[in-house]
Protein chains: 2
Amino acid sequence: MKYTAIVADDHPIFRKGLVEILSGIENLEIVAELSDGLQAYQSILAKRPDIAILDIEMPGLSGLDICRKVMSEKSDTKFIVLTMHRDKNFFNDAMEIGVMGYLLKDNAITELISCVEKVLKGEKCVSRGIENLFELSGQNNMPELANLTATEKVILKLIAETKTSAEIAQLLFVSPNTVDNHRSNIVKKLGLEGKNSLLKFAIQHKELL
Amino acid sequence: MKYTAIVADDHPIFRKGLVEILSGIENLEIVAELSDGLQAYQSILAKRPDIAILDIEMPGLSGLDICRKVMSEKSDTKFIVLTMHRDKNFFNDAMEIGVMGYLLKDNAITELISCVEKVLKGEKCVSRGIENLFELSGQNNMPELANLTATEKVILKLIAETKTSAEIAQLLFVSPNTVDNHRSNIVKKLGLEGKNSLLKFAIQHKELL
DNA sequence: GGACGATTAGTGGATAACCACTATAATCTT
DNA sequence: AAGATTATAGTGGTTATCCACTAATCGTCC
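Conventions adopted
Numbering of residues begins from 1 in every chain and follows the order in which that chain's sequence is written. To read the labels, note that chains go from A and ligands from 1, taken in the order they are written. In keeping with the predicted nature of the model, local features appear solely for residues at pLDDT of at least 70, side-chain atom pairs appear and are counted solely at 80 or more, and the whole-chain, interface and lining totals rest on all residues. Between any two strands, at least two bridges found by DSSP are needed for them to pair. Secondary structure elements follow DSSP: runs of H or I of four or more residues count as helices, runs of E of two or more count as strands, with numbering from the N terminus. Here the C-beta atoms are placed from the backbone, and a residue counts as buried if at least 20 other C-beta atoms lie within 10 Å of its own, exposed if 12 or fewer do, and partly exposed otherwise. The C-beta atom of each residue is placed using the backbone, and any residue whose C-beta lies within 6 Å of a molecule or strand is treated as near it. Nonpolar residues are Ala, Val, Leu, Ile, Met, Phe, Trp, Tyr, Cys and Pro. Charged residues are Asp, Glu, Lys and Arg, and all others, Gly as well, are polar. We call a crossover right-handed when, viewed with the strands running away from us, the connection from the first strand over the helix to the second turns clockwise.

Undergrad: Can you explain the sheet that holds strand S1 (residues 3-8) of chain A? Please cite residues and give values.
TA: Residues and elements named next belong to chain A. Taking strand neighbours across the sheet as the criterion, the six strands line up as S2-S1-S3-S4-S5-S6 in an open arrangement whose pairing is parallel. The open sheet has two free edges, formed respectively by strand S2 (28-34) and strand S6 (125-126), since each of these has just one partner strand. Across two bridges, strand S5 (residues 101-104) lies against S6 in parallel orientation. Along S6, the bridge assignment pairs Gly101 with Cys125.

Quick look at the structure:
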């Protein structure tokens, strides 16, 4: 018996590679090949494939959006999502939604094949490199940042917006001295040194704040 | 007559797509397929292909590094580089080095094929989407930045790397006073105000420097 | 040769940020 | 109740940056 699959990815060359590899799996037939989220969603509803292999980052609907929508309509389709970026939020979302496979786009071809086979059997499958990523991101996501108090984080954010201590003091209705004191504490907690080191740090890391 | 090609990209699935598409070009034969920069470099030297299709972002040597090295050894190999990111610096570097083709990884398959054909004929070929990128970046690229002198730009870059005036002075073998003077001039030209305004500006705009 | 711009270097002053303390009140923990 | 943490506020000192000047040197263009 042949399983059916649909593939969606907005990068044509990468999609070509995907399709080529999946075509090599004997008991699998690709019934549709899409390049954007909405088309992929409609195609899944129309063809009800056994498995859908979706890029997360796509125009229109993301791969995760598609999973969410399809799964809310009691479908038996199983999902494997692909992503370029080792993003913890994506992974967490994917796990919550209940996708069966989570792969990094730079993974080996053998890993893709074995993942598809596992998922078809009903097993879950997560990329190698993701667990490492997890440990890593837990580590390099600045454990120091977690040590900061709520007020300190607020101030750090405002610093990242290139506000001066005087401006921050006005915004928070406290004395400039207090802000200055918080700055000192933050600098100490983060282990920074030198003039403007806090400003440099804040601007460079404002994405994680 | 058949042309020879080598392909290098560290993403296995994408590389598979690339190779698959290029195999469809009749007068082209792929003589090697690599997954890292150093291997690709050595392979090009060994096989002297007519054309090399290289990812820019690769472990070890980047695609551009490879071009630079190979071209300094009077090779006839023509280069097409691929990149995921619409990065102006990459493009400028590529043009300086003299690559024949510059493609974005999300480009269409037809564009890849026509680019290879053009380059084999000796024509240059740049991705659609790149010029747009250029106009865009050309517009919002701060006309004031163009007013800066070469030395001022160097100093601005170093400031963006969060170097202090004293450190910059040491690096450039000039007096700290001179660096300070340049800072003043830059601040004036950019119309900045307030303490650390230059540092803030430099860090926030370092991508365009 | 003269005008101009760029680079170099200096003086002097203002201020924001850093750094190290002390200290009080409020809150939370044990 | 005692202790810890947090937020608040202040004093005093150092320093990097900013700002406004002046000035010498060098190369380029007319």
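Undergrad: Break down unusual backbone geometry for me, with residues and values.
TA: All names here are of chain B. Located in the positive-phi region is Lys74, a residue other than glycine, with phi close to 40°. With respect to the helices and strands, the residue Lys74 is situated in the loop between helix H3 (63-71) and strand S4 (78-83). Assessed through the 6 C-beta atoms surrounding it within 10 Å, Lys74 is described here as exposed. The phi dihedral of Phe173 falls on the positive side, at around 55°, and the residue is not glycine. Tracing the chain through its elements places Phe173 in the loop between helix H9 (165-172) and helix H10 (176-190).

Undergrad: Summarise the protein's contact with DNA strand D; cite the residues concerned and give the values.
TA: As a structural note, the neighbourhood of DNA strand D is formed by 28 residues, with Thr149(A), Thr151(A), Val174(A), Ser165(B) and Leu198(B) the closest of them. Grouping the amino acids of the surface near DNA strand D by side-chain chemistry returns seven nonpolar, 15 polar and six charged.

Undergrad: Describe the protein's contact with DNA strand C, with residues and values.
TA: Near DNA strand C lie 28 residues; those nearest to it are Leu198(A), Thr149(B), Thr151(B), Val174(B) and Ser175(B). Looking at the surface near DNA strand C, the elements that each hand over two or more residues are helix H9 (165-172), helix H10 (176-190) and helix H11 (197-204) of chain A together with helix H8 (150-160) and H10 of chain B. At five residues, the largest contribution of residues to the surface near DNA strand C is made by H10(A). The residue makeup of the surface near DNA strand C, split by class, is seven nonpolar, 15 polar and six charged.

Undergrad: I'd like a rundown of the pairing of strand S5 (residues 101-104) of chain B, residues and numbers included.
TA: All names here are of chain B. Looking at chain direction, S4 and S5 are connected through four bridges and run parallel. Paired with Ile80 across the strands is Gly101, a residue of S5. Traced from S4 through helix H4 (residues 88-97) to S5, the parallel crossover comes out right-handed. A crossover links S5 with its parallel partner strand S6 (residues 125-126), the connecting element being helix H5 (residues 109-120), and its sense is left-handed.

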